[in-house]
Amino acid sequence: GNSVTQMEGPVTLSEEAFLTINCTYTATGYPSLFWYVQYPGEGLQLLLKATKADDKGSNKGFEATYRKETTSFHLEKGSVQVSDSAVYFCALSESYQKVTFGTGTKLQVIP
Amino acid sequence: ETGVTQTPRHLVMGMTNKKSLKCEQHLGHNAMYWYKQSAKKPLELMFVYSLEERVENNSVPSRFSPECPNSSHLFLHLHTLQPEDSALYLCASSPLAYSYNEQFFGPGTRLTVL
């Protein structure tokens, strides 16, 4: 079956630091890949997505590249802000399969 | 604002109470979902509805009873819950079930069972 593995958190960074949150996946076919973000007290929101190999999703300064050869979709941001503090979920979806979420990585950015 | 609303946002209930959670989506989607999010546990898919038909029920206890009267509304009826059912309950929708599309989530209902 499909699976998504994220790095354990929490991740604590100083403002303006570089962020990487690792995500690797296992899928039977050719899934779409997503990063969702959950701010405190809210539901999940789509942050970015990529639908095929070598696609790069980007939004709000965050980027992730769909790497089929390494089955990875790592989330990166060059300079984090306090407002980026949230829980980040990697996920995949595939035709005829339910969406598979990672366990989430909590990011805390300190001033 | 994701186009998915949930009410109430917070709910406290005793173990003998009966209550319902409501979800409404304004996106014209055909699939709706209930998830349970507990502290330090992965997101748990509870139910999936596609075109108002339940297509997945992930071994959820019968004290949780879903209802989907039309493609825009989804309910979760609760009765005789246990304290371990305290969690954030998230509703989501997508254009189709079991497809490549992303899901759109509501803000959740924070449920506390005393």
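### Overview of the sheet that holds strand β1 (residues 4-7) of chain B
Strand pairing in a sheet relies on backbone hydrogen bonds. The paired strands run either parallel or antiparallel.
All names here are of chain B.
Phase 1 of the analysis: In spatial order, the strands read β1-β3-β8-β7; together these four strands make up an open sheet with antiparallel pairing. At either margin of the open sheet sits one strand with a lone partner, and together these are β1 and β7 (64-70). Across the sheet, the axes of successive neighbouring strands diverge by a mean angle of 20°, strand direction being ignored.
Phase 2 of the analysis: Across four bridges, β1 lies against strand β3 (residues 18-25) in antiparallel orientation. Looking across to β3, one finds that glutamine 6 is bridged to cysteine 23.

### Regarding the interface of chain B and chain A
Interface extent is often summarised as the accessible area lost during association of the parts.
Phase 1 of the analysis: Facing 19 residues of chain B, the contacting portion of chain A comprises 22 residues.
Phase 2 of the analysis: The contact between chain B and chain A buries some 1,600 Å² in all, and 56% of this surface belongs to carbon and sulfur atoms.
Phase 3 of the analysis: For the pair chain B and chain A, the interface holds one salt bridge.
Phase 4 of the analysis: For B:Glu102, the salt bridge identified is with A:Lys49, shortest N-O distance 2.9 Å.
Phase 5 of the analysis: Between chain B and chain A we count five residue pairs in polar contact (both at pLDDT 80 or more) in total.

Definitions and cut-offs
Residues numbered from 1 in each chain as written. Chains lettered and ligands numbered in written order. Predicted model: local features only at pLDDT ≥ 70, side-chain atom pairs only at ≥ 80, totals over all residues. Heavy atoms only, no water. Pairing = 2+ DSSP bridges. Helix = DSSP H or I, 4+ residues; strand = E, 2+ residues; numbered from the N terminus. Axes fitted to C-alpha atoms, helices over the stretch in contact; angles between N-to-C directions. Contact = heavy atoms within 4.5 Å. Buried area = accessible area lost by both parts, 1.4 Å probe. Salt bridge = Lys/Arg side-chain N within 4 Å of Asp/Glu carboxyl O. Polar contact = N/O pair within 3.5 Å; in protein donor to acceptor, adjacent residues only side chain to side chain.

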